[in-house]
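# Tertiary structure, described
Spelled out from the first residue to the last, the chains are:
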Amino acid sequence: MAIRALFRRLFVNEFAQRALLVGLIATLLLCGIQLRRWTWEKTRHVRFQHDIVNGFYWGSQSVEEGRRLSAEDNSAGSWAAFFRGYFALYDEVKREAYENDYRLDYPPLRLLVISIWAKEVRTEFPGVDDGHPHYVGVLLKANLLCELISAIAIFFLVRFWLRRTTGEMTAQFWRIFPPEHRAWICGLAAAAVVWLEPSMILDAHGWPQWDVWIVPFYLFAVLAALKNRWLVCGCLLATGAMFKGQLLLVAPFFVLWPLWQKRWTCALRMLAGFAATTGFLVSPWLLRNPVAWISVAIVAGVSSLFLLLRGSPHPEAWIAGIVACAVFLVGALDGGSFAWFQIGFVYGSEHYPYLFISSCYNLPLLLSNLGWSLKDAFWSAQFGSLHFAITLQWTLRLLYLSTLALCARGAARHMRNRDPRLLIAIAMPWLLMFALLGQMHERYLVWGAVVSAVALGVSVRLSVIHFIISAASTAMIVHVMLTDRKIESTLRAIDVLRSARPYASALVLVCVAVCLWNAVAVRLTLFQSRRYRWLEPVSLSVGTAAEEI
């Protein structure tokens, strides 16, 4: 009671509120930046150099391809030559590949960022021939920016939804604060947890990798969906997928979510935004000549004029969908290149035909310990020249899609009831993806560890689970980094982490199962907790109650 009274007196003073808020945010920001610098310095001897070198190599290939194509017009070092090489690299890699082993698996926007980085490094250090860590500073700053934006997005997401709920929050701890301040305080706590997320910091500044680039796109896509801006949601998902193709694995959640609400137009608007953004970003590969561009422009102009004059509902979604279809159709008929899709997305899904890669705490690791492999077939049949087989890979995919559909249904129900558990439902796609699907890298749980920070707005139990998932994600990344270098002082730690994998996998699966239950479960009235009673509609009848039968 004394603590609650202290907080209430503190929040009465507006000046004290603002001073405390500014001081807290500044402290968190500086601590997070310093922690990232410390991580970069202390991981020098165990840094995973392969990804840095690989990125620098392919970025340099874009630069070299541009110089080769522009050797005759003396513009080899210009930005025009650079983009000429960037747009030609996918086709060149596809032509030179032996037995479809492309080695390059970067989607277009990721390749663009890496290529710009390589160009700037080669301009400043003409004699460089590898991806030395001293030249990674600009990419680390890009990681820092994405981490900061992710924390901001979590703040807005948690605050927005908790303001939508029509009653007290489920987490008892936050009730020490005045009701009018609980939403933004909870949002600030979730943002602080994301900003100081250890697995994200280690992945972005110790490994380093670029997985965090897609997190802001996903979080703002969720926020756009909650605000009924489904076209924007689709645009954000498509843009994020061009940085990291794994975002496509959770994108079906945004189609199933409105479908469970029987809002078909919302799903179509999301798909229209997704298709239009994808078509816009890959149009340089699909539309290879002026005739193709003019054809698409005519379709865009005529459809816009017709729909606007007719007064059709959601004309922007119709226009986006029609133009997207025109881009892909013209590209297919006019000889456009789809190498960006084959190399940037399809190849990555086939590159590692294993149940898991490195050290993963998930169901495929447990199945692998039992002797299963990714391509083991449960059933196969021959129909003429066609051969069908249900493999373990497809079984895991179907299991994932089934649970994803359940999460989408839970999100639709929680949105209708204005239940805080919607927050955990939107984190489930990332957790289920890592827990159930094969071919996962150990780093991929970092997305679930970041997004599951929204659990702080749901319950204390789920908040504890978030920290367990965060610890598991950190442990997997540490295990791989230590194993890659195998310093004598870390051999004992490597052995401990290796022997703990089956138990950690079971723990992660239990945590994901608890989150899944909270995301999809319907609480029975008989066992319903009092803190959920505010979700029930209040009867306004003043007549005589009906006789019970």
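For the structure, see preceding data.
Residues numbered from 1 in each chain as written. Predicted model: local features only at pLDDT ≥ 70, side-chain atom pairs only at ≥ 80, totals over all residues. Heavy atoms only, no water.

Check the secondary structure of the protein and you find 23 helices and 2 strands. The contacts in the protein between residues at least 6 apart in sequence include a share of 77% that link residues at least 24 apart. In the form shown here, the protein has an accessible surface area of approximately 26700 Å², with 65% of it arising from carbon and sulfur atoms. (Helix = DSSP H or I, 4+ residues; strand = E, 2+ residues; numbered from the N terminus. Contact = heavy atoms within 4.5 Å. Areas by Shrake-Rupley, 256 points an atom, 1.4 Å probe, with all protein chains shown as cover.)

For helix α23 (residues 501-520), built from 20 residues, the straight-helix expectation of 28 Å at 1.5 Å per residue is met to within 8% by its first-to-last C-alpha distance of 28 Å. Those residues of α23 that fall on the buried side of the exposure criterion are Arg501, Ala504, Ser505, Val508, Cys511, Val512, Cys515, Leu516, Asn518 and Ala519. Looking straight down α23, one finds that the buried residues subtend no more than 165 degrees of arc, so they occupy a single side. For α23, the exposed residues lying more than 90 degrees away from the buried face are Tyr503 and Trp517. Lining the buried residues of α23 we find α17 (363-369), α18 (392-417), α19 (422-436), α21 (460-485) and α22 (491-499). (Expected span 1.5 Å × (residues − 1). Buried < 20%, exposed > 50% of the residue type's maximum accessible area, 1.4 Å probe, protein only. Arc of directions from axis to C-beta.)

The next point concerns the packing of α19 against α23. One can describe the packing of α19 onto α23 by two numbers: an axis separation of 10 Å at closest approach and a directional angle of 145 degrees. For α19 against α23, the interelement crossing comes out left-handed. Residues Ile424, Ala425, Met428, Leu431, Leu432 and Ala435 of α19 form the contact with α23, whose own contacting residues are Leu509, Val512, Cys515, Leu516, Asn518 and Ala519. When its residues are assigned to classes, the contact of α19 with α23 shows 11 nonpolar, 1 polar and no charged. (Axes fitted to C-alpha atoms, helices over the stretch in contact; angles between N-to-C directions. Left-handed = near helix turned anticlockwise from the far one by under 90°. Nonpolar A, V, L, I, M, F, W, Y, C, P; charged D, E, K, R; others polar.)

All right, on to the pattern of salt bridges then. Applying the stated criterion across every chain yields a total of 11 salt bridges. A salt bridge links Asp91 to Arg288; the shortest N-O distance between them is 2.5 Å. A residue pair is termed long-range when its members are at least 10 positions apart, and Asp91 in helix α4 (residues 79-96) and Arg288 in the loop between α13 (264-286) and α14 (290-310) qualify at 197 residues. Judged by its relative accessible area of 16%, Asp91 falls in the buried class. (Salt bridge = Lys/Arg side-chain N within 4 Å of Asp/Glu carboxyl O.)

What follows concerns the nonpolar core. Formed by 145 residues in total, the largest nonpolar core has its most connected members in Phe254 and Trp257. Ranked by residue count, the leading element in this core is α19, at 14 residues. Setting aside chain neighbours within four positions, we find Trp257 in contact with Ala225, Leu226, Trp230, Ala408, Ala411, Ala412, Met415, Leu422 and Ile426. In this structure, Val46, Met481, Leu482 and Ile494 belong to the second largest nonpolar core, which totals 9 residues. (Core = buried A, V, L, I, M, F, W, Y, C linked by side-chain atoms within 4.5 Å.)

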